[in-house]
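An overview of the molecular structure
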Amino acid sequence: MLVGRLPCLTDGWFEANLDFLKSDGYRNKSKVKEISQQALIIWGREDKILPVESVEKFKEDLGERLESCHILEECGHMPHLEKPDETAELIRRFVQTMEGKKQPSSVVDEHLSSQIEA
């Protein structure tokens, strides 16, 4: 059994979360379009909270800011707990890729750091 799925086994959990989601109680979906940096999506194919089909909307909303997207097999809503080694490797590769591409904010951060040190 995967630790990330343990809360899903609690009596009434699924129904309670479905009711919450249907009430539009979690409103971060609209914030995805506001992300200004390159992004990495890591999604569990067996995610019962946000089904894998939802990834298409995130990809659409991110557009050119999406650097890469990975769907992990035999994984639910918590890839960092269910597939920690695979998730860490994907994040490592993403960071390494981003280090090779200077992001505008990175340049600003470096400039501000040099101004503070001066």
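Described below are features of the structure shown in this document. (Residues numbered from 1 in each chain as written. Predicted model: local features only at pLDDT ≥ 70, side-chain atom pairs only at ≥ 80, totals over all residues. Heavy atoms only, no water.)

What about the nonpolar core?
For soluble globular proteins, nonpolar side chains are generally found buried alongside one another. In terms of nonpolar packing, the biggest core is built from eight residues, these being Val32, Ala39, Ile41, Trp43, Val52, Val55, Leu62 and Leu66. Of all the secondary structure elements, the ones that give two or more residues to this core are strand 1 (39-44) and helix 2 (55-62). With three residues, strand 1 is the single largest residue contributor to this core. Once residues within four sequence positions are removed from consideration, Ile41 is found in contact with Val55, Phe58, Lys59, Leu62, Leu66, Ser68, Cys69 and His70. (Core = buried A, V, L, I, M, F, W, Y, C linked by side-chain atoms within 4.5 Å. Buried < 20%, exposed > 50% of the residue type's maximum accessible area, 1.4 Å probe, protein only. Helix = DSSP H or I, 4+ residues; strand = E, 2+ residues; numbered from the N terminus. Contact = heavy atoms within 4.5 Å.)

Quick word on the side chain of Asp47
Tracing the backbone through its elements, the reader meets Asp47 in the loop between strand 1 and helix 2. Despite its burial, Asp47 remains without a salt bridge, the nearest opposite charge being carried by Lys48 at 8.2 Å. Within the structure, the side chain of Asp47 is placed 2.7 Å from the backbone nitrogen of Ile49, a separation counted as a polar contact. Aside from chain neighbours lying at most four places away, what touches Asp47 is Cys75, Gly76 and His77. (Lys, Arg positive; Asp, Glu negative; His and termini not counted. Salt bridge = Lys/Arg side-chain N within 4 Å of Asp/Glu carboxyl O. Polar contact = N/O pair within 3.5 Å; in protein donor to acceptor, adjacent residues only side chain to side chain.)

Re the environment of Val32
Positionally, Val32 belongs in the loop between helix 1 (13-22) and strand 1. Remark: the alpha-carbon pair of Val32 and Glu60, spanning 28 residues in sequence, is separated by 9.7 Å.

Things to note about the pattern of salt bridges
Pairing is possible between side chains that carry opposite charge, provided their charged atoms lie close to one another. Scanning all chains against the criterion turns up five salt bridges. The partner of Glu73 in a salt bridge is Arg45, and the shortest N-O contact between them spans 2.7 Å. Of this pair, Glu73 sits in the loop between strand 2 (66-72) and helix 3 (79-82) while Arg45 sits in the loop between strand 1 and helix 2, placing them 28 residues apart in sequence. Judged by relative accessible area, Glu73 falls into the partly exposed class, the value being 42%. Measuring nitrogen to oxygen at the nearest pair gives 3.4 Å for the salt bridge that ties Glu89 to Arg93. On the criterion of helical spacing, the pair formed by Glu89 and Arg93 is a turn pair, its members being four residues apart in helix 4 (residues 84-100). Overall, the relative accessible area of 29% leaves Glu89 in the partly exposed class. Each of Glu89, Arg92 and Arg93 takes part in salt bridges that share partners, so that together they form one network.

Notes on helix 4
Given a rise of 1.5 Å per residue, 17 residues ought to cover 24 Å, and the 24 Å separating the end C-alpha atoms of helix 4 matches this to within 8%. Those residues of helix 4 that sit buried are Thr87, Leu90, Phe94 and Met98. Along the axis of helix 4, the buried positions cluster into a sector of 70°, meaning they face one direction only. Helix 4 presents Asp85, Glu99 and Gly100 as exposed residues on the side facing more than 90 degrees away from its buried surface. Each element contacted by the buried residues of helix 4 is listed here: strand 1, strand 2 and helix 3. (Expected span 1.5 Å × (residues − 1). Arc of directions from axis to C-beta.)

Geometric values such as these leave the question of function open.
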